[in-house]
Every structure is written in C-alpha cells, then in structure tokens.
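Structural features, examined
Listed here are the chains, written in short residue letters.
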Amino acid sequence: MEYLKTLIILFLSLFLFLQSNAQSAAERTNYDESKVPDFELPDLLTTFDGRKIKSAKEWETLRREEVLDFFTNNMYGKIPGELNIDTWEIVEEGTGAINGKARRRQVEIHFENNGKKLSFNILLYFPNNVEKAPLFLGYNFYGNHTVYDDPNIRVSDAWARNNEAYSITSHKMTEASRGAQTANWQVEKMIDAGYGFATIYYGEVDPDRNDFDDGIHPLLYADNQNKPLDNEWGAITAWAWGLTKAMDYLEQDRGADASKVIVFGHSRLGKTALWAGAMDERFAGAISNNSGCGGAALSKRKFGETVEVINTAFPHWFCDNFSVYNNNEEALPVDQHALIALMAPRPVYIASAEEDRWADPKGEFLSAYHATPVYELYGKTGINSEEMPGIHQPIHNSVAYHIRSGKHSVTEYDWEQYIKWANTILGKRNHLFSFNNFSRSSFFSFSKASIRS
Ligand code: GCU
C-alpha cells in the first residue's frame, strides 16, 4: 500500500514538473529583438563535411540530398513506404459555379493497405475560360464547404476540432459553417485571374490530434506497429504526403495544368506546404502564409514560438527525433532557410503579418533572405537586402516576401499578392484566353472515368 502511495506521489510530481516546465517554456516566450541570442546560421553552400558548393549542379549532387535527408529523419519524419492511389471517383460536378464563371468537380480519392482504408475529397474549381488551368492547391482547416458559399460542396463527416465560430460541436462539421472562410480563400479572384483552385480538408488525411491510430499512418505500419518510429512521419509529413497524392490525381485531370500547381498553406498548413514543395519537385511553386516555427521562421532566433514549445503543444506534428532540439536550437545543423532553399529553383513565397509575433515575422523574412544564395546558383533573383521591407511593400522575385498589417490569418490582400506573383512566375497570363476547342461535352465525358492506378 505504502509502495503504491509513493508511486502515485512520484508520478504526480513528475506530471506536475513536466506541466510547469511546459508552461514556463511558453511563458518564457521572447518578443524582444534585443534578446535574440547570437547564433550562427549553417551555410547552405557548405556541405556537412565542409565542401564548398559553387554551382547548381553541386548543390543538387552534393548538398540538396543531405539537407533533405536531415529534415526527413530529424524533423518532419519520413514516409515509411509507397502508397499509390487505389481508385478515385468523381462524386459530383457542375457548371455555372462561382457566379457562372467556373466548373466544379469533387473527387474522392481512395487508398487501401494493410486491410485498412482511407479516403479524402478534393474540391476543384476550374475557370470556364481556360482549357488547362494552372492552379492553387491548399488544405483547409474546417472542411471544403467553408471555402465558398456553394450549396453543392459536400460536408465532410471526418473528425474536426470543436470550434464555436464554425459551429463545430461533438467534432462534427455542419451546414452552419458553409462559406465561413470565403474571405480567407478568395476563390473568385483566383478564377477571375484564370487560376483553378483545389482544396482538401486536412483532417481527412490525418486528424489533427495526438493519436496515431487514425488517418493515414496505420495504412503503412509494419506488423505490430502502432505508432511511427522516431524518424517516421508526424502529422505534417502525413499532410504533405496527402498533397503529393493530390498531385498524382491532378496529373490525370484534364482540366488542370499539372506543371503549374502552386501549393499553398496557412500556419501549420504553411509548414506543410513548404515541406510538400521540398519533397515533391512536381510542385511549380509554394506559398507559406504565416507559417512560423517549423515553417519559414528561423528556429535559432528563439523569437515567439520555439522548438520546445511547439513539440510540447503539438507532439504529433514532427517526428520524435525532433525533440532532441528542444531548447537546443544551437545544435541544429540546418535552419529553416534550408527548407526554403529546397524549393530552388522553383519560386517560393513567404508572407508574414505584422501582429503575428508568435510566428516571428522577422525570422520568416530572414529565412527567405538566407535561402537566396541557392537561388542565385540558378541565376534566379531572391531577396537582395537583409533589411525587411515595409508593411505592404511586397517583393515579387523567385523568392518572394511580404508583410501586411494585421493578425495571423489569410486575407484578401494576401491573395492579391499571390495572384500577381503567380502571374509573373508562371509566364504572365498567357494561359488565359487559350480556351478554344474545349467543349462541355469533353468535360463530361472525361468525368465519367474512375480509374485504378
Ligand atoms: C499554433 C501553433 C503554430 C501554428 C498555429 C496554426 O499557434 O503554435 O505553430 O502555426 O497554431 O496552425 O494556426
């Protein structure tokens, strides 16, 4: 009995100790620029064993792989195996969407392995006046039906975090939040500019909770495995994997120009977009909106959210190996500028919000700046000055950056910038008005297909 009592007391003290530690790490949040520690940023153009990189070829053969490998095994975690789309089916489509300017398509993508199944839905809009549209692909936080007020968008029955603003109680999404994120997505602006749009509810790929029995993970477990190994995928890699599978689908959709897909994400999904763009070179560009710690922001600055804080609050996002760097950012042989550089020479856009200090706007900017030498190896222009631009003074180069006023969010201003930038990097708007021999009937005949791959 005494023994049991001691054990309980010990356990409780340990619990309280861990609790107070976690709290104090969050409470210790530094928002004071003068308290940013001195740190040395790993040189992107020097390999881990000291060799100097002098050309794009050397970057690709000597350096890119080891950097990618580090992020894979020590931060986001690796995908433990190959899993192709089993089948996909078009479950709904229609014309006359988005005020008569677009066609809508909803596609369910199915996976099966280990006797387990997973499906996720892609909602697509294609502008009527473009035969094969370049497009923005991005996950949404609260269901496809929230991105635009369109009664035809199916409401997902996947698990969702409860949220009063979206009328989500009992982890179920409902009609009440249809169109609730219209302002954050600006789909009509994309369509007007000749872009298609594809979105997926991220919780269908992996519910955002510290539980590895659900989502995609179990489909790739080895026998008797019930959680990822220390270097295997956390949720961010799982979500990034879903984007690469969406890309597999887009390559087969005749409405999409799969060579011009820009992967987009906000916040945790901005971290995801950068990681997807790094892993899958089919993405033509990537946009990280307010992605912060573990996304665009430099970890070594320890400004706002830190590695320890993020790993404590969201233990399922990164692989277990990443906790080695809790309050130990100095030891990181890479920083997030290296993640951005993995996009090179493909264009990348980093955006911050002035009041989003938790995400460290300056750290996001500096990452973009320090990724630039890799872009220069390819003769591309990145960010030329270490001086942050003013509010609403976007820089639209192969590495792009802006900081806007306001809070952590995606706004109309953000989308206006992304569209302008996409117009320049994807070869102006020459895809527009190339719509001639496309007809309604070809759209519908294609849509009957349901293939096995
Ligand atoms: C939290 C988290 C951030 C993340 C954000 C989000 O604030 O600490 O790292 O980016 O959620 O995804 O909204």
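Read on for an overview of the structure. (Residues numbered from 1 in each chain as written. Predicted model: local features only at pLDDT ≥ 70, side-chain atom pairs only at ≥ 80, totals over all residues. Heavy atoms only, no water.)

Brief notes about the overall build of the protein chain
Rule in force here: For the purposes of this entry, the term helix denotes a DSSP run of H or I that reaches at least four residues, the term strand denotes a run of E that reaches at least two, and both are numbered from the N terminus. Note on definitions: a residue-residue contact is assigned when non-hydrogen atoms from the two residues lie within 4.5 Å. In short, Shrake-Rupley with a 1.4 Å probe defines the accessible areas, and a residue's cover is counted only from the protein chains shown.
Scanning the protein chain for helices and strands turns up twelve helices and ten strands. Put simply, of all contacts in the protein chain between residues at least 6 apart along the chain, 71% involve residues at least 24 apart. In the structure as shown, the protein chain presents an accessible area of about 18,800 Å², 51% of it carried by carbon and sulfur atoms.

Notes on the sheet that holds strand β7 (residues 285-289)
Put simply, the test is: By definition, two strands form a pair when at least two bridges between them are found by DSSP.
The ten strands are arranged β1-β2-β3-β5-β4-β6-β7-β8-β10-β9 in an open sheet whose pairing can be described as mixed. Across the chains shown, the open sheet's two edge strands, defined by having one partner strand only, are β1 (87-96) and β9 (395-396). Bridging between β9 and strand β10 (residues 399-404) involves two bridges; their strand directions are antiparallel. Its bridge partner being in β10, I395 is matched across the sheet by Y401.

Re the pattern of salt bridges
Put simply, the test is: By definition here, a salt bridge exists when the distance from a side-chain nitrogen of Lys or Arg to a carboxyl oxygen of Asp or Glu is within 4 Å.
Counting across every chain of the model gives 31 salt bridges. The partner of E175 in a salt bridge is R178, and the shortest N-O contact between them spans 2.7 Å. The closest approach of N and O atoms between D208 and R268, which form a salt bridge, is 2.7 Å. A residue pair is termed long-range when its members are at least 10 positions apart, and D208 in the loop between β5 (196-201) and α6 (235-250) and R268 in helix α7 (residues 268-279) qualify at 60 residues. Where salt bridges share partners, they join K245, D248, E251, D280 and R282 into one cluster.

Quick word on the nonpolar core
Rule in force here: The criterion is simple. A nonpolar core is a set of buried Ala, Val, Leu, Ile, Met, Phe, Trp, Tyr and Cys residues joined through side-chain atoms within 4.5 Å. For each residue, the accessible area found with a 1.4 Å probe, counting protein chains only, is set against the maximum for its type, and the residue is called buried under 20%, exposed over 50%, and partly exposed in between.
Grouped together as the largest cluster of nonpolar side chains are 96 residues, with contacts concentrated most on F71 and L137. Per-element accounting of this core gives the leading share, eleven residues, to α6. Residue contacts for L137: discarding those within four places in its chain leaves A198, I200, L243, A246, L250, V261, I262, V263, F264 and F283. The next biggest cluster of nonpolar side chains, apart from the first, holds 30 residues, and it includes L123, Y349, V410 and I419.

Side note on the site of the ligand
Keep this limit in mind: Any residue with a heavy atom positioned within 4 Å of a molecule or strand is treated as near that molecule or strand. Here a polar contact is taken to be a pair of N or O atoms separated by no more than 3.5 Å, where protein atoms must pair a possible hydrogen donor with a possible acceptor and residues adjacent in sequence count only if both atoms sit in side chains.
If you check the shell around the ligand, you find S267, R268, K271, E305, I310, F314, W317, W358 and H408 and nothing else. Separating an oxygen atom of the ligand from a side-chain N or O atom of E305 is a distance of 2.5 Å. Between the ligand and the protein, one listed contact pairs an oxygen atom with a side-chain N or O atom of H408 at 3.5 Å. Protein burial of the ligand: of its 320 Å² of free accessible surface, 82% is covered by the chains.

Let's talk about helix α11 (residues 412-425)
The α-helix advances 3.6 residues per turn, and as a result positions three or four apart in sequence lie on the same side. Put simply, the test is: By this rule the span expected of a helix is its residue count minus one, scaled by 1.5 Å.
Over its 14 residues, α11 extends 20 Å from the first C-alpha to the last, a length consistent with the 20 Å expected when each residue adds 1.5 Å. Of the positions making up α11, those classed as buried are Y413, D414, W415, Q417, Y418, I419, W421, A422 and N423. At the exit of α11 stands G427, carrying a positive phi of roughly 85°.

Structural notes on the packing of aromatic side chains
Definition in use: Any two of the Phe, Tyr and Trp rings considered here, Trp counted by its six-membered ring, make a pair once their centres fall within 6.5 Å; the pair's planes then place it as stacked at under 30 degrees, edge-to-face at over 60, or tilted in between. Charge-over-ring contacts are defined here by two conditions on Lys NZ or Arg CZ: a distance within 6 Å of the ring centre and an angle within 35 degrees of the ring normal.
Under the counting rule described, the total for this entry stands at 31 aromatic pairs. A ring pair is formed by F136 and W415, whose centres lie 5.3 Å apart and whose planes are at 80°; its orientation type is edge-to-face. Here the residue F136 occupies a position in strand β4 (residues 133-140), and W415 occupies one in helix α11, the gap between them amounting to 279 residues. Seen from their ring centres, F314 and W317 are 3.8 Å apart, and the 10° between their planes marks the pair as stacked. Its relative accessible area of 3% is what places W317 among the buried residues. Through successive ring pairs, a cluster of aromatic residues spans F136, W185, Y195, F197, F264, Y349, W415, Y418 and W421. The ring centre of F48 lies 4.9 Å from the NZ or CZ of R63, which sits over that ring.

So, the packing of α6 against α7
The relative placement of two packed helices is expressed as an angle between their axes plus a distance between the axes. Condition: Only the stretch in contact is used when a helix axis is fitted, and all axes are lines through C-alpha atoms; the angle between N-to-C directions ranges over 0 to 180 degrees. Should an angle lie under 35 degrees it is considered roughly parallel, over 145 roughly antiparallel, and from 65 to 115 roughly perpendicular; all remaining angles are considered oblique. Helix crossings get a hand from a simple test, with the near helix turned counterclockwise from the far one by less than a right angle marking a left-handed crossing and a clockwise turn marking a right-handed one. Note that Gly is not counted as nonpolar here; it falls among the polar residues with everything else outside the nonpolar set of Ala, Val, Leu, Ile, Met, Phe, Trp, Tyr, Cys and Pro and the charged set of Asp, Glu, Lys and Arg.
At their nearest, the axes of α6 and α7 sit 8 Å apart, and the two run at 60° to each other. On the basis of the axis angle, α6 is oblique to α7. In this structure, the crossing between α6 and α7 has a hand that is right-handed. Each of I236, T237, W239, A240, W241 and L243 in α6 lies in contact with α7, whose residues at this interface are R268, L269, K271, T272, A273, W275, A276 and M279. For the contact of α6 with α7, the class distribution of residues is ten nonpolar, two polar and two charged.

Some thoughts on the environment of G390
Within the fold, G390 resides in the loop between α10 (361-377) and β9. With a relative accessible area of 36%, G390 lands in the partly exposed category. G390 sits 14 residues away from R404 along the chain, and the two C-alpha atoms are 8.5 Å apart.

Focus: unusual backbone geometry
Going from A344 to P345, the amide bond is cis rather than trans, its omega being 0°. Take P345: it is sitting in the loop between α9 (336-341) and β8 (348-353). At N327, a position not held by glycine, the phi torsion is positive, near 50°. What makes N327 partly exposed here is its relative accessible area of 46%. Phi is positive for D360, close to 55°, though the residue is something other than glycine. Following the sequence through the fold, D360 ends up in the loop between β8 and α10. What makes D360 buried here is its relative accessible area of 2%.

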